[in-house]
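Given next are the chains, with one letter for each unit.
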Amino acid sequence: MSAKHPIIAVTGSSGAGTSTTTKALRHIFRNLDLSAASIEGDSYHRFTRPEMEVEIRKAQEQGKHISYFGKEANDFALLEETFKSYHETGQGKFRRYLHTFDQAVPYNQMPGTFTPWQDLPDDTDLLYYEGLHGGVVTDENDVAKYVDLLIGLVPIVNLEWIQKIIRDTSDRGHSREAVMSSIIRSMDDYFNYITPQFSRTHINFQRVPTVDTSNPISAKDIPTADESFVVIRFRGMKDVNFPFLLRMIDGSFMSRINTLVVPGGKMGFAMELIVTPLIEKLMEKKQLHLTGSLPLGL
Ligand SMILES: Nc1ncnc2c1ncn2[C@@H]1O[C@H](COP(=O)(O)OP(=O)(O)O)[C@@H](O)[C@H]1O
Ligand SMILES: O=C(COP(=O)(O)O)[C@H](O)[C@H](O)COP(=O)(O)O
């Protein structure tokens with residue numbers, strides 16, 4: 001937890017909506033005039049797409065599973081080292097994993113490959129992570145301990161599978177069968193590495209559809225924001241202004257003392273109302289750490 005170089009992480013399974021959420025968070029950073037260094041969790045994969053296909057076949061021949069969710073396919077030590085480096089110095093390295101032709105062509109590369117490692121920009125206000133493992137903890141590594149604000153993106157699983165299947169088939173060129181076997185192959189790692197994170201998050205945003213998603217494999221489209229509610233769970237946060245949030249967000253209500261429910265169409269607005277003051281507090285702590293005083297007006 002760094003006052004001097006804060007780290008914000010949005011973590012969620014494949015198809016959960018972390019990339020989509022990043023647009024909302026980047027909007028907040030712009031509104032607060034903050035420069036954010038960004039890293040993507042997929043860039044800590046150990047293998048390119050073709051290499052991973054070989055690893056999957058090798059594992060199957062040995063009666064084992066490998067998935068994009070687990071430690072066999074992700075360098076958690078390097079991810080922890082990156083968080084530690086930024087936490088201590090505000091510096092680090094990043095690269096990108098290119099999922100689509102639109103992402104790959106500007107680098108003159110093929111989808112499923114990595115860009116070269118580069119230095120993060122200098123003098124940034126914070127590090128922003130979006131991906132699968134922003135709060136991962138294993139016997140060997142603890143990424144979560146460096147994160148100042150850990151946000152979970154956790155749609156109910158039928159919705160998450162619908163989002164992944166439709167995105168992976170329409171944007172990434174995968175067959176429906178390939179996505180289904182990827183989901184099945186990932187189940188062990190899903191429970192060992194992905195879901196435990198959501199008990200460590202400060203806030204979880206859980207989109208719950210109000211339309212039928214009983215057979216995700218047959219879904220033809222993704223339930224829209226207005227066909228859902230969002231369950232927002234707060235953990236270990238004392239000064240959440242629930243009366244203010246309930247006044248500001250039409251149709252919102254409390255389902256538990258730490259849980260706000262908002263209409264799906266208000267998810268972006270709710271995120272902005274909730275996360276903006278938390279980021280401002282992180283920046284105040286950073287300012288105090290750097291200068292020993294707060295700017296006028298605070
Ligand atoms: N709140 C939402 N409402 C509707 N569709 C969403 C929402 N969040 C994500 N999606 C859709 O779900 C799919 C996966 O989202 P994405 O952000 O790519 O997930 P991730 O980056 O976590 O794998 C995309 O097609 C995206 O448009
Ligand atoms: O698990 C994920 C994470 O990505 P996301 O969170 O964006 O779903 C992807 O399946 C892998 O990165 C492989 O990607 P690809 O199938 O493009 O090789």
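Overview of the structure. It should be emphasised that the depicted structure is a prediction, and the values quoted were computed from it without experimental measurement.

Cut-offs used in this document
- Residues numbered from 1 in each chain as written.
- Chains lettered and ligands numbered in written order.
- Predicted model: local features only at pLDDT ≥ 70, side-chain atom pairs only at ≥ 80, totals over all residues.
- Heavy atoms only, no water.
- Near = heavy atom within 4 Å.
- Polar contact = N/O pair within 3.5 Å; in protein donor to acceptor, adjacent residues only side chain to side chain.
- Areas by Shrake-Rupley, 256 points an atom, 1.4 Å probe, with all protein chains shown as cover.
- Helix = DSSP H or I, 4+ residues; strand = E, 2+ residues; numbered from the N terminus.
- Nonpolar A, V, L, I, M, F, W, Y, C, P; charged D, E, K, R; others polar.
- Buried < 20%, exposed > 50% of the residue type's maximum accessible area, 1.4 Å probe, protein only.
- Lys, Arg positive; Asp, Glu negative; His and termini not counted.
- Salt bridge = Lys/Arg side-chain N within 4 Å of Asp/Glu carboxyl O.
- 1 Å grid on protein atoms, 1.4 Å probe; cavity = no way out; pocket = protein on both sides within 12 Å on 5 of 7 lines; lining within 4 Å.
- Points joined across faces, edges and corners; volume = space filled by probe spheres on them.
- Patch = residues over 30% accessible without salt bridge, like charges linked within 9 Å, V, L, I, M, F, W, Y side chains within 5 Å.
- Phe/Tyr/Trp six-rings, centres within 6.5 Å; stacked < 30°, edge-to-face > 60°.
- Lys NZ or Arg CZ within 6 Å of the ring centre and 35° of its normal.
- Expected span 1.5 Å × (residues − 1).
- Bend = angle between axes of the 7 residues up to and from the residue.
- Contact = heavy atoms within 4.5 Å.

## Thoughts on the site of ligand 1
Line of reasoning, step 1. Close to ligand 1 lie Ser13, Ser14, Gly15, Ala16, Gly17, Thr18, Ser19, Thr20, Gln163, Arg167, Arg207 and Ile222.
Line of reasoning, step 2. In the environment of ligand 1, an oxygen atom lies 2.8 Å from a nitrogen or oxygen atom belonging to the backbone of threonine 18.
Line of reasoning, step 3. Arginine 167 places a side-chain nitrogen or oxygen 2.6 Å from an oxygen atom of ligand 1.
Line of reasoning, step 4. Relative to its unbound accessible area of 560 Å², ligand 1 is 76% covered by the protein chains.
Line of reasoning, step 5. When residues of the shell around ligand 1 are traced back to their parent elements, those giving at least two are α1 (18–31) and α5 (157–170).
Line of reasoning, step 6. At 3 residues, the largest contribution of residues to the shell around ligand 1 is made by α1.
Line of reasoning, step 7. Residue classes in the shell around ligand 1 are distributed as 2 nonpolar, 8 polar and 2 charged.

## Examining the side chain of arginine 95
Line of reasoning, step 1. Counting through the fold element by element, arginine 95 comes out in the loop between β3 (93–94) and β4 (97–98).
Line of reasoning, step 2. Among buried Asp, Glu, Lys and Arg side chains, arginine 95 stands out as unpaired, with aspartate 75 the closest opposite charge at 7.2 Å.
Line of reasoning, step 3. A distance of 2.8 Å separates a polar side-chain atom of arginine 95 from the backbone oxygen of serine 43.
Line of reasoning, step 4. Of note is the side chain of arginine 95, whose polar atom sits 3.1 Å from the backbone oxygen of histidine 45.

## Some words on empty space enclosed by the protein
Line of reasoning, step 1. Evaluated as defined, the whole model comprises 1 cavity of 30 Å³ or more.
Line of reasoning, step 2. Looking at the largest cavity, its volume works out to about 70 Å³.
Line of reasoning, step 3. Forming the boundary of the largest cavity are Ser13, Ser14, Phe69, Val157, Glu160, Trp161, Lys164, Ile183, Ser186, Met187 and Tyr190.
Line of reasoning, step 4. When residues of the lining of the largest cavity are traced back to their parent elements, those giving at least two are α5 and α7 (187–194).
Line of reasoning, step 5. In terms of residue class, the lining of the largest cavity is built from 6 nonpolar, 3 polar and 2 charged.

## Considerations on a nonpolar patch on the surface
Line of reasoning, step 1. Taken together, the side chains of Phe101, Val105 and Met110 present a nonpolar region at the surface, about 330 Å² in accessible area.
Line of reasoning, step 2. Relative to the helices and strands, valine 105 resides in the loop between α4 (101–104) and β5 (113–114).

## What to know about the site of ligand 2
Line of reasoning, step 1. Surveying the vicinity of ligand 2 reveals 14 residues, the closest of which are Ser14, His45, Tyr97, His99 and Arg172.
Line of reasoning, step 2. Within the contact set of ligand 2, an oxygen atom lies 2.6 Å away from a side-chain nitrogen or oxygen of arginine 172.
Line of reasoning, step 3. One of the side-chain nitrogen or oxygen atoms of histidine 174 is found 2.7 Å away from an oxygen atom of ligand 2.
Line of reasoning, step 4. In isolation ligand 2 exposes 440 Å². Once the protein is present, 95% of that is buried.

## Notes on the packing of aromatic side chains
Line of reasoning, step 1. Using the criterion set out here, one finds 9 aromatic pairs in the structure.
Line of reasoning, step 2. Between tyrosine 190 and phenylalanine 191, the ring centres sit 5.6 Å apart and the planes meet at 80 degrees, which makes this aromatic pair edge-to-face.
Line of reasoning, step 3. Residue tyrosine 190 is classed as buried on the basis of its relative accessible area, which comes to 9%.
Line of reasoning, step 4. Three or more aromatic residues joined by ring pairs make a cluster, and in this case those are Phe69, Tyr190 and Phe191.
Line of reasoning, step 5. Positioned over the ring face of phenylalanine 114 is arginine 95, at 3.7 Å from the centre of the ring.

## Side note on helix α9 (residues 267–291)
Line of reasoning, step 1. Taking 1.5 Å as the rise per residue, α9 with 25 residues should run 36 Å; its terminal C-alpha atoms sit 36 Å apart, in good agreement.
Line of reasoning, step 2. Helix geometry: α9 is bent most strongly at valine 275, by close to 25 degrees, with proline proline 277 lying one to four residues after it.
Line of reasoning, step 3. For α9, every residue scored as buried is listed here: Met267, Ala270, Met271, Leu273, Ile274, Val275, Thr276, Leu278, Ile279, Leu282, Met283 and Lys286.
Line of reasoning, step 4. Count one or two residues on from α9 and you reach glycine 292, which has phi positive near 80 degrees.

## Observations regarding α5
Line of reasoning, step 1. For α5, with 14 residues, the first-to-last C-alpha span of 20 Å sits near the 20 Å given by 1.5 Å per residue.
Line of reasoning, step 2. Buried within α5 we find Leu159, Glu160, Ile162, Gln163, Lys164, Ile165, Ile166 and Asp168.
Line of reasoning, step 3. Considering only its buried residues, α5 is in contact with α6 (176–185), α7 and β9 (203–209).

Take it as geometry only, folks, not as evidence of what the structure does.
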